[in-house]
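Listed here are the chains, written in short residue letters.
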Amino acid sequence: MTTTHDRQRPPLPPAAEQPVLTLRYTASPRGARLARRLASHQLDAWGWGYGTPVHDAVELVVAELAANAATQGLVPGRDAELRLSRKSGGCVRVEVSDARGERLPAVRDAGTGEDGGRGLLLVASLAKEWGTIPRPGAPGKTVWAVVAPGAPAAPAPRTSPGEDEHARRAATDELTALSQEMGLI
């Protein structure tokens with residue numbers, strides 16, 4: 001009897017050659033973090049380096065939508081899904097799906113004393129367009145956003161020279177460890 005461990009998986013093409021990244025992840029804060037890190041890595045492989053306006057805008061959009069899927073779209077035992085794709089004209093389309101189709105996102109003006117409620121304002125300000133559609137092939141919804149090359153720049157963290165390379169290596173090490181833990185590599 002042959003098990004899945006006995007068979008060799010065909011090698012994946014390098015990240016730069018993949019026009020679409022699709023990742024199913026647990027609808028949890030840790031899963032949302034993995035989605036953001038993998039999206040960041042994929043954007044760098046596509047040529048939008050760490051710290052560029054498109055990279056940072058897409059990373060923030062993914063972080064917000066993945067976090068929303070983990071908190072507002074959570075159905076125990078159901079995964080969330082990230083789909084990131086390059087579009088013509090240098091646009092990047094972000095799609096995050098969850099299992100809660102009845103809970104549609106709405107932009108709202110959170111009060112000054114509230115900890116949350118501003119995420120979709122951030123998405124709306126960084127994306128050329130965004131919206132919600134029924135989740136294809138499964139129950140739930142997909143929240144999507146398109147980030148264009150002229151996206152507003154995200155606030156830049158203050159770093160010293162050489163710190164960016166250290167941060168890149170740390171992010172790659174963390175991404176590798178998380179991917180191995182989840183059995184992706």
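Please refer to the structure higher up on the page.
In this text, all values refer to a predicted model and were calculated from it rather than measured experimentally. (Residues numbered from 1 in each chain as written. Predicted model: local features only at pLDDT ≥ 70, side-chain atom pairs only at ≥ 80, totals over all residues. Heavy atoms only, no water.)

*Asks:* Before we move on, could you go through the sheet that holds strand β1 (residues 20-26) and cite the residues and values that matter?
*Replies:* Strand order in this open sheet of 5 strands is β1-β2-β3-β5-β4, and the pairing throughout is antiparallel. Looking at the sheet topology across the chains shown, the edges are occupied by β1 and β4 (129-134). Pairs of neighbouring strands in the sheet enclose a mean axial angle of 15°, with direction left out of account. Helix-sheet contacts for helix α2 (residues 53-71) involve β1, β2 (79-86), β3 (92-98) and β5 (141-147), and the interaxial angle to β3 is about 10°. (Pairing = 2+ DSSP bridges. Helix = DSSP H or I, 4+ residues; strand = E, 2+ residues; numbered from the N terminus. Axes fitted to C-alpha atoms, helices over the stretch in contact; angles between N-to-C directions. Contact = heavy atoms within 4.5 Å.)

*Asks:* I'd like a rundown of the pattern of salt bridges, residues and numbers included.
*Replies:* Tallying each qualifying case throughout the model produces 4 salt bridges. Between R36 and E59 there is a salt bridge, and its shortest N-O distance comes to 3.1 Å. Separated by 23 residues along the polypeptide, R36 in helix α1 (residues 29-45) and E59 in helix α2 bring together distant segments of the chain. Judged by its relative accessible area of 23%, R36 is partly exposed. The buried category is assigned to E59, whose relative accessible area is 16%. (Salt bridge = Lys/Arg side-chain N within 4 Å of Asp/Glu carboxyl O. Buried < 20%, exposed > 50% of the residue type's maximum accessible area, 1.4 Å probe, protein only.)

*Asks:* Describe the nonpolar core, with residues and values.
*Replies:* The biggest cluster of nonpolar side chains holds 34 residues, and the ones touching the most others in it are Y25, V58, V61, L65, L82, L84 and V94. Elements with a minimum of two residues in this core: β1, α1, α2, β2, β3, α3 (119-126) and β5. It is α2 that provides the largest number of residues to this core, a total of 9 residues. If sequence neighbours within four positions are ignored, V94 has contacts with V58, V61, V62, L65, L82, R83, L84, V143, W144 and A145. (Core = buried A, V, L, I, M, F, W, Y, C linked by side-chain atoms within 4.5 Å.)

*Asks:* For the packing of α1 against α2, give the residues involved together with the corresponding values.
*Replies:* Packing of α1 against α2 brings their axes to within 9 Å, and their N-to-C directions diverge by 160°. Compared by their axis directions, α1 and α2 come out roughly antiparallel. For the crossing formed where α1 meets α2, the hand is right-handed. Along its contact with α1, which presents P29, A32, A35, R36, A39, S40, L43 and D44, the element α2 presents H55, V58, E59, V62, A63, A66, A67 and A70. Of the residues assigned to the contact of α1 with α2, the class counts are 11 nonpolar, 2 polar and 3 charged. (Parallel < 35°, antiparallel > 145°, perpendicular 65-115°, else oblique. Left-handed = near helix turned anticlockwise from the far one by under 90°. Nonpolar A, V, L, I, M, F, W, Y, C, P; charged D, E, K, R; others polar.)

*Asks:* Account for the pairing of β5, naming residues and giving values.
*Replies:* Summarising burial for β5: 7 of the 7 residues are buried, a large majority. Every second residue of β5 is oriented toward a common face, with K141, V143, A145 and V147 on one face and T142, W144 and V146 on the other, all of them buried. Here β3 runs beside β5; their pairing, made up of 7 bridges, is antiparallel. Counted as the bridge partner of V94 is A145 from β5. Pairing geometry for β4 and β5, over 6 bridges, is antiparallel. Bridging across to β5, G131 finds its partner in W144. Between β4 and β5, which pair antiparallel and follow one another directly, the connecting turn spans 6 residues, one of which, G137, has a positive phi of 75°.

*Asks:* Summarise the environment of K128; cite the residues concerned and give the values.
*Replies:* Summarising the element assignment, K128 is placed in the loop between α3 and β4. Once the C-alpha coordinates of K128 and C91 are considered, the two residues, 37 residues apart in sequence, prove to be 9.1 Å apart. K128 has contacts with C91, V146, V147 and A148, leaving out every residue within four places of it along the chain.

*Asks:* Can you tell me about the pairing of β2, naming the residues and giving the values?
*Replies:* Pairing analysis gives 7 bridges linking β1 to β2, with the strands arranged antiparallel. Bridge pairing in β2 places V20 opposite S85. From the end of β2 to the start of β3, which pair antiparallel, there are 5 residues, and G89 there has a positive phi angle of about 80°.

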